[in-house]
Amino acid sequence: MQFRFTESPIDVGSARRELQTLSAGGYVSFEGWVRDLNDGQEVTRLEYEAFQELAVKEGDRIVTDAMRRFPIKHALCIHRVGSLGLGDMAVWVGVSSAHRGEAFDACRFIIDEVKHRVPIWKKEHYRNGDSGWVNCERCAAAPQHSHALHTHHEHQPHDHHTPEHLATTNPK
Amino acid sequence: MQFRFTESPIDVGSARRELQTLSAGGYVSFEGWVRDLNDGQEVTRLEYEAFQELAVKEGDRIVTDAMRRFPIKHALCIHRVGSLGLGDMAVWVGVSSAHRGEAFDACRFIIDEVKHRVPIWKKEHYRNGDSGWVNCERCAAAPQHSHALHTHHEHQPHDHHTPEHLATTNPK
Amino acid sequence: MQLKIQYYALMREQAGRSDETLDTAAATPAQLYQELAGRYGFTLSRDQLKVAVNSEFSDWSRPLATGDAVVFIPPVAGG
Amino acid sequence: MQLKIQYYALMREQAGRSDETLDTAAATPAQLYQELAGRYGFTLSRDQLKVAVNSEFSDWSRPLATGDAVVFIPPVAGG
């Protein structure tokens, strides 16, 4: 499994060791940290939840896709769920490869796709007492403007998941 | 100092902590590892040496330049010198920023420039008993072809270091 | 027809539950969403959602069968 | 004029020393390199090198002064 969830702090040292191989000359990692400000609002903590059954499949497809697109050695993504405080690590992506260019490209590809496609949601809690589901609250506030607001979202329909996927995974 | 040398293994955990800030939402790191094969030759170990007095100045200029070019929070590069075995970490670059795109761009910029500009050399020792200074031996073997071979090297004349640099650093 | 529905994030809060087993005449995810949006007052419009059936992304017009597990997927925000 | 020279990597090996203090009539790094290449048989041509004076990159035609520290910089290979 090249995509995993954890409810405890992400153990980078152990994750990184899974990518080590003597034929790798470069290693690139990305960490997403909970920051204190988002869209001008002061954040105090976050809650992450995921539709894990589908998310691990979709995450694995992303990493597998990265390994097909880029000549890399190993890649892994770990996402945390539950309640996180400021500065906590929400997600980690690591890639090893013979040369550094591919490791940068693959790492960025994986985190971009994960943020875009994997069913994970976060609720931000703000210093002023408000809270909101990121990418959802503005839709909720003004659903009649949903098309205009869409440009602000990372949520887009995908061609990746046309019914041919279902042919292999649906027992019906 | 945003560029440092070490003769002992690079302590990533402690280096990473120097980049932490609650306003950073993304962190990208690069590690260069000693791999077992280079240009088709089986490598057994490496020796790194540096002209440290100039290298730390040039390394600092690179990181400062990255902070000017990209809206990042912190950046740091640590390079190891001495004798390294397969799998050892030769260099580490870490960057934190509010958003991930800049962290990727800045991290890649720094390692590209460090490899290109900072006076560090490595001698590879091969399984067959040979050894050679990377980027130098082929020049040495056929100096009369140096122009053709130059395309294979990362060593290029730079406009960065015109005499105006000297005006501030040369007491003469 | 009996379907199993799971709710996440904003939709979990608006439905007031994480999952339920439902008797419904809805023949497709599209019809099911219309029925549930009427019941729970979901504020997300269907074009803001994706839908999964039996833990795989699905078409909105796919025919549903009894026992299918359906999940509506609000705009994601991982990372 | 007395100059301090440091050698690194391949040039250190070819010169057989890490540094030396030299009495020379060379007025510029270019002239100094020509003198030393003749003495030590350096295999790198000047256009493959950079030069530093007093720990800063320098022009090959910069006038040298007594006490200057000169370093010839072979193609680098960090990382």
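Look a little higher up for the structure.
Fair warning: this is a prediction, and the values are worked out from it, not measured in the lab.

Caption draft 1: Seen up close, the sheet that holds strand β5 (residues 72-80) of chain B. Strand order in the open sheet formed by eight strands is β1(A)-β5(A)-β7(A)-β2(A)-β2(B)-β7(B)-β5(B)-β1(B), and the pairing between neighbours is mixed. With one partner strand each, in any of the chains shown, β1 (3-6) of chain A together with β1 (3-6) of chain B form the two edges of the open sheet. Here the average twist between neighbouring strands, direction ignored, is 15°. With seven bridges joining them, strand β2 (residues 26-33) of chain A and strand β2 (residues 26-33) of chain B adopt antiparallel strand pairing. In the strand pairing of β2 of chain B, F30 of chain A is matched with V28 of chain B. Packed on one face of the sheet, helix α3 (residues 100-117) of chain A meets β1, β2, β5 (72-80) and β7 (89-97) of chain A together with β2 of chain B and runs near 150° to β7 of chain A. Helix α2 (residues 52-69) of chain B rests against β1 and β5 of chain B of the sheet, and its axis sits at about 140° to β1 of chain B.

Caption draft 2: Spatial organisation of the interface of chain A and chain B. Taken together, the contact between chain A and chain B spans 35 residues of the former and 35 residues of the latter. Carbon and sulfur atoms supply 55% of the area that chain A and chain B bury against each other, a total of about 2900 Å² over both sides. Counting across the interface, chain A meets chain B through six salt bridges. Between R108 of chain B and D105 of chain A there is a salt bridge, with the nearest N and O atoms lying 2.9 Å from each other. At the level of secondary structure, the elements contributing two or more residues to the side of chain A that touches chain B comprise β2, β7 and α3 of chain A.

Caption draft 3: Spatial organisation of the pairing of strand β7 (residues 89-97) of chain B. Residue and element names in this part refer to chain B. Burial analysis of β7 places nine of its nine residues in the buried class, the great majority of the element. As paired strands, β2 and β7 are joined by eight bridges and run antiparallel to one another. Directly across from G32, in β7, lies its bridge partner V91. With seven bridges joining them, β5 and β7 adopt antiparallel strand pairing.

Caption draft 4: Seen up close, the relation of the copies chain A and chain B. Superposition record for chain A on chain B: RMSD 0.0 Å, screw rotation 180°, translation along axis 0.0 Å. Such a combination of rotation and displacement between the chain copies is what one expects of a two-fold axis. Proximity to the rotation axis, assessed at the C-alpha, singles out S29 of chain A in chain A; its C-alpha lies 2.6 Å from the axis. Looking at the interface residues of chain A, 100% of them are also at the interface in chain B, so both copies use one shared face.

Caption draft 5: How the structure looks around helix α2 (residues 29-40) of chain C. All names here are of chain C. With 12 residues, α2 should reach 16 Å at 1.5 Å per residue; the first-to-last C-alpha distance of 16 Å fits that figure. All of the buried residues in α2 are P29, A30, L32, Y33, L36 and Y40. With its buried residues spanning 155° around the axis, α2 presents them on a single face. Every exposed residue of α2 that faces more than 90 degrees away from the buried side is listed here: Q34 and G38. Where α2 is buried, its residues contact β1 (2-6), α1 (9-15), β2 (19-23), β3 (50-53), β4 (56-58) and β5 (69-73). Following α2 by one or two positions, G41 adopts a phi angle in the positive range, close to 65°.

Caption draft 6: Representation of the sheet that holds β2 of chain C within the structure. Residue and element names in this part refer to chain C. The sheet built from five strands is open, its strands ordered β2-β1-β5-β3-β4 with mixed pairing. The strands lining the two open edges of the sheet, one partner per strand, are β2 and β4. Adjacent strand axes in the sheet meet at a mean angle of 35° when their direction is disregarded. Sitting on the sheet, α2 is in contact with β1, β2, β3, β4 and β5, with an inclination near 110° to β2.

Calculation rules
Residues numbered from 1 in each chain as written. Chains lettered and ligands numbered in written order. Predicted model: local features only at pLDDT ≥ 70, side-chain atom pairs only at ≥ 80, totals over all residues. Heavy atoms only, no water. Pairing = 2+ DSSP bridges. Helix = DSSP H or I, 4+ residues; strand = E, 2+ residues; numbered from the N terminus. Axes fitted to C-alpha atoms, helices over the stretch in contact; angles between N-to-C directions. Contact = heavy atoms within 4.5 Å. Buried area = accessible area lost by both parts, 1.4 Å probe. Salt bridge = Lys/Arg side-chain N within 4 Å of Asp/Glu carboxyl O. Buried < 20%, exposed > 50% of the residue type's maximum accessible area, 1.4 Å probe, protein only. Least-squares fit on C-alpha atoms with pLDDT ≥ 70 in both. Expected span 1.5 Å × (residues − 1). Arc of directions from axis to C-beta.

Without other data, these values stay purely geometric and don't point to any function.
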